[in-house]
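Chain and residue survey
The primary structure of each chain is shown beneath.
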There are 2 protein chains.
Amino acid sequence: MSRQRPTLADVASAAKVSVSTASLAFSGAGPIAAATRQRVLDAAVELGYSGPNPLGRQLRRGRSGIVGVVVGDALKRSFRDPVSVQFLDGLVGTLGSLGLGVLLVPGPSDPSQPAVDPLVESAAMDVAVVMWGGTSDHPVQDVLQRRGIPTVVVEGRREEGVVTVGIDDRNGMAEATRHLLALGHERIAVVTLPFDASRREGIVPPERLSQIDWEITRRRLAGVTDTGLRPTAVYETPASLVEHGHAAGLELLRGDDRPTAVVCHSDLLASGVVLAARELGLRVPQDVSVAGFDGLDLPWLAPDVLTSVAQPLADKGAAVAHAVEDLLAGETPVHRELPVTLRVGTTTGPAPA
Amino acid sequence: MSRQRPTLADVASAAKVSVSTASLAFSGAGPIAAATRQRVLDAAVELGYSGPNPLGRQLRRGRSGIVGVVVGDALKRSFRDPVSVQFLDGLVGTLGSLGLGVLLVPGPSDPSQPAVDPLVESAAMDVAVVMWGGTSDHPVQDVLQRRGIPTVVVEGRREEGVVTVGIDDRNGMAEATRHLLALGHERIAVVTLPFDASRREGIVPPERLSQIDWEITRRRLAGVTDTGLRPTAVYETPASLVEHGHAAGLELLRGDDRPTAVVCHSDLLASGVVLAARELGLRVPQDVSVAGFDGLDLPWLAPDVLTSVAQPLADKGAAVAHAVEDLLAGETPVHRELPVTLRVGTTTGPAPA
DNA sequence: ATGAAAGCGCTAACAC
DNA sequence: GTGTTAGCGCTTTCAT
């Protein structure tokens, strides 16, 4: 343990071979005699050498093997949403099998904070993945572009020169809405994802409906109105969390002119609405139907099973990983749009008479 | 965009300075005339140079600026637990302010899978953090040690030569138990975290009680018995998830000789027990009291607020980050054990008469 | 305040 | 099959 950490050169000289040969012994990429190889490996063990230093390898190869994943929000908030987590799980798994690691890069948190995490500016990454890349001001994407780091945007706006992976949420949302319409509902309210970073909360005044900055919110709301429905109310939430759905439900469902159904932009919001309905003494779905989006497994909603539009989260992660792979191979991946499926649960039923 | 990406040397020659001067212009670490500095920066913009290549810098400095975080389980499962997420949030935040990035390294998932993710073997990291490092076989820690990567173990066994950060969960668990005893409960069951990687589920036969592999489970169970309590039953779960708590609740609370209180090793488990109790028509806390551990915010349990032992999750992340900082500075951080606090909610009350 | 030079540890041409 | 050589892009003494 006395001196410096041994290098490949040390191992090579101990094994009495050249460094290039020693390199081959570890990488296996090239012809080498089994005996030589073994000699190198033995020398390595002898010296306590545990394999090539990744830093040297990375510089030489010009690749870090790292994919920076910019989460669309403060980590804590982002990861409270199973949607992010399950997506990330699919992404990390697939990237892992490609030999790539995931560097967590915090996204913009408070509007007050510096807009771009220092890691975006200076961390080593071969490719970046931007989750929830749907805002119109993209300081993060600008920095990445300046650095020349190829980027995959998830759920963002489809733009020239930007690789995107998304889901068919507009049609999915429309399908959920039509499901309610088919059940005879006429008074339907909508609980939406945030319109922008302002984190506003409450029923949206009509003029604000045309000022949606977040692409995903715009698309899902468009899906609702694609059906021809004119919602009785549109309620904006500051984040996709149960408590915000709960607040929305309390506000929307009190009073006699309440809607008979609520469509929500996410399952977490929808489950909050269900809890609020129960709390108000309303039966679900006899008095009020509730539909969500995401297809999450929500055991604590039992015995109810949420009617929801299921999106293939793990597949989405894998699709993004493959886009990353293409980018690394120098190819330009095409936009992928994954299908969604309406899954009818126990929280929607015929409109009350 | 024709040729290679520009390097610092290109910028230097365009600005008619030496590379070392150009380097100073970017790092700011050294004396440089403001005018020269500006000339370099202008040249950089001109050439589309976006700052020093991190790979070159890392090799030169011998540091990657990366902390590998080995999550204690498959990502998906791990991140379904707010405990991991909130800890990670604190960790990433504090490390970020130290200029360090977090590389996500999947931990052992299935016992069938290769025990150690390839990233552990070969990714660049200056320090590693092992979450839930409490198992007796540490293939991951062995590899890290062989590579000479200093490691912080969270919630693991305190051992010679291993830096650990933990919480005082043994006393916390004892305090929760004493709270129940003080309320007059005599028949108390325990719902525990996994004993080992076997993911067994159900009431534990007595002989298995001495075969707890996971340190955290051992400590928390010891906390319960430290009070002198002899639990009516000990129920082992395969993971800290609501559905497993639910299953435990259903099994423990059916029948007339049911316990009047259940102490759980986590809030997710406890909330599952509450749901099961409600489902069985039992009133909480009139018929059965339930206590948890972690101090999570569980909005969907409303109107109940879980009685729980709160642990400072963000602080734990920060404490680990500071241990990492010490390690990087060449110092040996001391073991930190953070305090926990019993917070009485609405789910515990006097034992039924 | 600036420049020259060395070298971090490795891999990949290329020659033998 | 093995060795020689040349960098990858940068930071950091050390001179000037």
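One can find the structure itself at the top, above this paragraph.
This write-up is about the structure you can find in this document. (Residues numbered from 1 in each chain as written. Chains lettered and ligands numbered in written order. Predicted model: local features only at pLDDT ≥ 70, side-chain atom pairs only at ≥ 80, totals over all residues. Heavy atoms only, no water.)

This part covers the pairing of strand β4 (residues 151-154) of chain A. Residues and elements named next belong to chain A. Residues of β4 alternate between two faces, with Thr151 and Val153 on one and Val152 and Val154 on the opposite face, all of them buried. Strand direction decides the pairing type here: strand β3 (residues 127-130) and β4, joined by three bridges, are parallel. Residue pairing for β4: Val129 is matched across the bridge by Val152. Pairing of β4 with strand β5 (residues 163-167), which is carried by three bridges, proceeds in the parallel orientation. The residue bridging Val152 from the neighbouring strand is Val163, located in β5. (Buried < 20%, exposed > 50% of the residue type's maximum accessible area, 1.4 Å probe, protein only. Helix = DSSP H or I, 4+ residues; strand = E, 2+ residues; numbered from the N terminus. Pairing = 2+ DSSP bridges.)

Within the structure, DNA strand C sits among 22 residues, and A:Leu8, A:Tyr49, A:Asn53, A:Arg60 and B:Thr36 are positioned closest to it. In DNA strand C, atoms within 4 Å of the protein come from the sugar-phosphate backbone in 67% of cases. Between DNA strand C and A:Tyr49 there is a distance of 2.5 Å, counted from a phosphate oxygen to a side-chain nitrogen or oxygen. Within the contact set of DNA strand C, a base oxygen lies 2.3 Å away from a side-chain nitrogen or oxygen of A:Arg60. By residue number, the principal contributor to the surface near DNA strand C is helix α4 (residues 54-61) of chain A, which donates four residues. The residue makeup of the surface near DNA strand C, split by class, is eight nonpolar, nine polar and five charged. (Near = heavy atom within 4 Å. Polar contact = N/O pair within 3.5 Å; in protein donor to acceptor, adjacent residues only side chain to side chain. Nonpolar A, V, L, I, M, F, W, Y, C, P; charged D, E, K, R; others polar.)

What follows concerns the relation of the copies chain B and chain A. Expressed as a screw transformation, the operator carrying chain B onto chain A has a rotation angle of 180° and an axial translation of 0.0 Å, and the superposed copies differ by an RMSD of 0.1 Å. One copy is carried onto the other by what is essentially a two-fold rotation axis. Within chain B, B:Leu103 has its C-alpha nearest the rotation axis, a separation of 2.2 Å. When the interface residues of chain B are mapped onto chain A, 100% of them are again interface residues, pointing to one common binding face. (Least-squares fit on C-alpha atoms with pLDDT ≥ 70 in both. Contact = heavy atoms within 4.5 Å.)

The strand order across the open sheet formed by twelve strands is β12(A)-β5(A)-β4(A)-β3(A)-β1(A)-β2(A)-β2(B)-β1(B)-β3(B)-β4(B)-β5(B)-β12(B), and the pairing between neighbours is mixed. Here the strands that pair on one side only, and so sit at the sheet edges, are β12 (336-338) of chain A together with β12 (336-338) of chain B. Shown here is a sheet whose adjacent strand axes are inclined to one another by a mean of 20°, direction ignored. Where β5(A) lies against β12(A), three bridges are found, and the strand directions are parallel. Note that in β12(A) the partner of A:Val165 across the bridge is A:Arg336. (Axes fitted to C-alpha atoms, helices over the stretch in contact; angles between N-to-C directions.)

In short, shape yes, function no, at least from these values alone.
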